[in-house]
Amino acid sequence: MTETRDVSKQEAGSAQDLKQQEQQAILPAVDIFENESGITVQADMPGVSKDRLDVHIDSDTLSIEGRAVIPMPEGMDALHADIRSTHYQRSFSLSRELDTDRIEAGLKDGVLTLRIPKREEHRPRRIEVQTG
Amino acid sequence: MFETLNTSGPGLLDEIRRMEREMNQLFGGSPWPNSIRAVARGSYPPINIGSTPEQVDVYLFAAGLNPETLDISIQQNLLTVAGERKLQVEAGADYYRKERYEGGFRRVVTLPEDVDPEQVEAAYRDGVLHVTIKRRESTRPRQIEIK
């Protein structure tokens, strides 16, 4: 039962992907680090404003998507282009101990910061060693 | 022993070079000729340059910079942008990935000959530095009326 549901989800996802792949997506550069309280993801997405950013979670997959908008005068010819796409996309699979309901996201100067806290019961506890 | 090395060696190398050329044609080649000051693909920050009859627009995709630390200068038609990107490093954290660029950078862009170094504007928004350089009035195409 759950299996069939998963498959249909995947199909829907790939159809969407096809539409977006008309323009090849840029894989944003990321830093990922973990401390006691959770995991932090930082992604460079220059040109993406808050309203063109989409962070979503589908079961255990975290997806980051964004569209860069750059002010361009009309009739501009490209002389040089390192960046050929305005679409950023990257996904990560999460593990169970992360609390996806309490993710915090911030965007500043094209840098996306995601704080994914660990569930309370998964935070490391120091175990006292009894002596005596 | 040496004979086999000599005969098979260059043949194999030729094959590799041919494959390299084909790969370059497929994926590498940019449709524009490379500038002598061009840097390797993937250098930070990536740059796009666009042109219209009125102006030249340079875009630097440099997220997370303090615009006050940027040094932008223009000499004739050479635009130089230098700066340093400092990342906040969390002490005591375990890093799984560190892909984001950190450190100093300097990029020099050769602009078309007719730009006016007196008319340059720069803006930093959402991590993109946008430099606009107007072209000289006299070199812009003009419509000539027939009397």
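As the structure is a prediction and not an experimental result, all values here were calculated from the model.

1. Description of unusual backbone geometry
Residues and elements named next belong to chain B. If you check the backbone angles, glutamine 76 has positive phi at about 50° while not being a glycine. Positive phi, close to 50°, is recorded for aspartate 126, a residue that is not glycine. With respect to the helices and strands, aspartate 126 occurs in the loop between β7 (115-125) and β8 (128-135).

2. Remarks on the sheet that holds strand β1 (residues 47-51) of chain B
Taken in spatial order, the five strands line up as β5(A)-β1(B)-β2(B)-β8(B)-β7(B) in an open sheet, and their pairing is antiparallel. Single-partner strands in this sheet number two, and they are β5 (77-81) of chain A together with β7 of chain B. Across the sheet, the axes of successive neighbouring strands diverge by a mean angle of 20°, strand direction being ignored. When β5 of chain A meets β1 of chain B, the two strands line up antiparallel, connected through four bridges. Its bridge partner being in β1 of chain B, histidine 80 of chain A is matched across the sheet by isoleucine 49 of chain B.

3. A short note on the interface of chain A and chain B
Listed as interface residues are 36 residues of chain A and, on the opposing side, 37 residues of chain B. Of the roughly 3200 Å² buried between chain A and chain B, counting both surfaces, carbon and sulfur atoms make up 54%. For the pair chain A and chain B, the interface holds five salt bridges. For aspartate 31 of chain A, the salt bridge identified is with arginine 100 of chain B, shortest N-O distance 3.4 Å. Counting across the interface, chain A meets chain B through 22 residue pairs in polar contact (both at pLDDT 80 or more). For the side of chain A that touches chain B, the secondary-structure elements that each account for two or more residues are β1 (30-34), β2 (38-44), β3 (48-58), β5 and β6 (87-93) of chain A.

4. What to know about the nonpolar core
Of all hydrophobic cores here, the largest spans 24 residues; its most connected members are Val41, Met45, Ile64, Phe92 and Leu112 of chain A. At the level of secondary structure, the elements contributing two or more residues to this core comprise β1, β2, β4 (61-68), β6 and β8 (111-117) of chain A together with β2 (55-61) of chain B. Setting aside anything within four residues of it in sequence, one finds isoleucine 64 of chain A in contact with Val41, Met45, Asp54, Tyr88, Gln89, Arg90, Phe92, Leu112 and Leu114 of chain A. If you look at the next biggest cluster of nonpolar residues, it comprises 19 residues, including Ala62, Val81, Phe105 and Val109 of chain B.

5. Some points on the confidence of the model for chain A
The predicted model of chain A has a mean per-residue pLDDT of 82, with 83% of residues at 70 or higher. Segment residues 1-22 of chain A: pLDDT under 50, and four contacts once partners within four positions in sequence are set aside and those in other chains are kept.

Rules and cut-offs
- Residues numbered from 1 in each chain as written.
- Chains lettered and ligands numbered in written order.
- Predicted model: local features only at pLDDT ≥ 70, side-chain atom pairs only at ≥ 80, totals over all residues.
- Heavy atoms only, no water.
- Helix = DSSP H or I, 4+ residues; strand = E, 2+ residues; numbered from the N terminus.
- Pairing = 2+ DSSP bridges.
- Axes fitted to C-alpha atoms, helices over the stretch in contact; angles between N-to-C directions.
- Contact = heavy atoms within 4.5 Å.
- Buried area = accessible area lost by both parts, 1.4 Å probe.
- Salt bridge = Lys/Arg side-chain N within 4 Å of Asp/Glu carboxyl O.
- Polar contact = N/O pair within 3.5 Å; in protein donor to acceptor, adjacent residues only side chain to side chain.
- Core = buried A, V, L, I, M, F, W, Y, C linked by side-chain atoms within 4.5 Å.
- Buried < 20%, exposed > 50% of the residue type's maximum accessible area, 1.4 Å probe, protein only.
- pLDDT = per-residue confidence, 0-100.

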